[in-house]
Amino acid sequence: MNPPRDIGACSVATDTRGPRAALERGGVAVAGREWWMDVRFATSAAPGRPNEDLVLAGNDFLILLDGVTSPPHVPTGCTHDPVWLVRTLGAALAQRLSAPGTRPLTEVLADAIAAVRAAHGGTCDLSHPESPSSTVVLLRERPDLVDYLVLCDSALVLVGPGGEISRVVTDDRTAAMRGLTRAEVAGWRNRRGGFWVASTDPDAAREALTGALPRVPTTSVFACTDGISRLVDHYGYSWREVIDLAAAGPMRGVVHAVRAAESHGPPPGSRKQHDDATAALCTFLD
Ligand SMILES: [Mg+2]
Ligand SMILES: [Zn+2]
């Protein structure tokens, strides 16, 4: 079994002398202000498999991706695998989120999907319904707001300054796919009435759930792939318990909770006993 990688605490702080002086409010640099985005995350591959999840943190952004597994017998029309997809998409997103400005996250994602499309390099059938794909969670910190984006079945939990859960953001359009065959699900991919995921169609970005929350000190945001949210969806945990576990110690504790639950059997209705499991907690501080 691959051990979870726990990155520990990774905080980024600057004042107006640092690179984040580029963060502006109404075109005017926020003078003399110091702010922190404290990020902790852990990621763990399903035992015996490559990790098709990816998490990347930057000075003022977080990217969390879950590449969709393609069984070896299923044609994809593509020479690339889900690991390539999440690494290429992650790099394209990080590059765009590192650029100056605050373009809408849907535009950032659409642009990154277009870049990934080009990176297939003409060797692949980009209209194939099984072309590699990924869920997407994005967070971007601004002086007064935190922008978020969720596409497909990864989850985002917004936690207010008093520790209260203010909102759980989940894109539940894949829930309607339960009970369908893999081919049927592929037929509903990136189609109105179906579900949307980052693959070869930049227009999928427009279907993402987006919003912003006030950037108030001690507000935090928890993001995870469905390898973690199965704790809530299938194993009887509440989001409160997951958030408390994430806040209490190393993030690998959340992964260990999933693996312990899975040791008794796969989630009801799923043949997948284990999944890649990735969790991140961003806390905004002054
Ligand atoms: Mg997953
Ligand atoms: Zn390809």
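Residues numbered from 1 in each chain as written. Chains lettered and ligands numbered in written order. Predicted model: local features only at pLDDT ≥ 70, side-chain atom pairs only at ≥ 80, totals over all residues.

A. Focus on the overall build of the protein chain. Each helix and strand counted, the protein chain has 6 helices and 14 strands in total. Taking all 286 residues of the protein chain together, the buried fraction comes to 39%. Counting only contacts in the protein chain whose residues sit at least 6 apart along the sequence, the fraction spanning at least 24 positions is 72%. (Helix = DSSP H or I, 4+ residues; strand = E, 2+ residues; numbered from the N terminus. Buried ≥ 20, exposed ≤ 12 C-beta atoms within 10 Å, placed from the backbone. Contact = placed C-beta atoms within 7 Å.)

B. Here's a closer look at helix α4 (residues 226-233). Of all 8 residues in α4, 6 are buried, a share of seventy percent or more. Of the residues making up α4, those classed as buried are D226, G227, I228, S229, R230 and L231.

C. Fine view of the pairing of strand β5 (residues 35-44). The element β5 is largely enclosed, with a buried count of 7 among its 10 residues. Examined bridge by bridge, β5 and strand β14 (residues 277-285) share 9 bridges and lie antiparallel to one another. Within the sheet, the bridge partner assigned to D38 lies in β14 and is T283. (Pairing = 2+ DSSP bridges.)

D. Inspection of the environment of R117 at higher detail. The topology assignment puts R117 in helix α2 (residues 105-119). Its 15 C-beta neighbours within 10 Å are what place R117 among the partly exposed residues. Separated by 84 residues in the primary sequence, R117 and D201 place their C-alpha atoms 8.0 Å from one another. Look past the residues within four positions of R117 in its chain and what remains in contact with it is L126 and T200.

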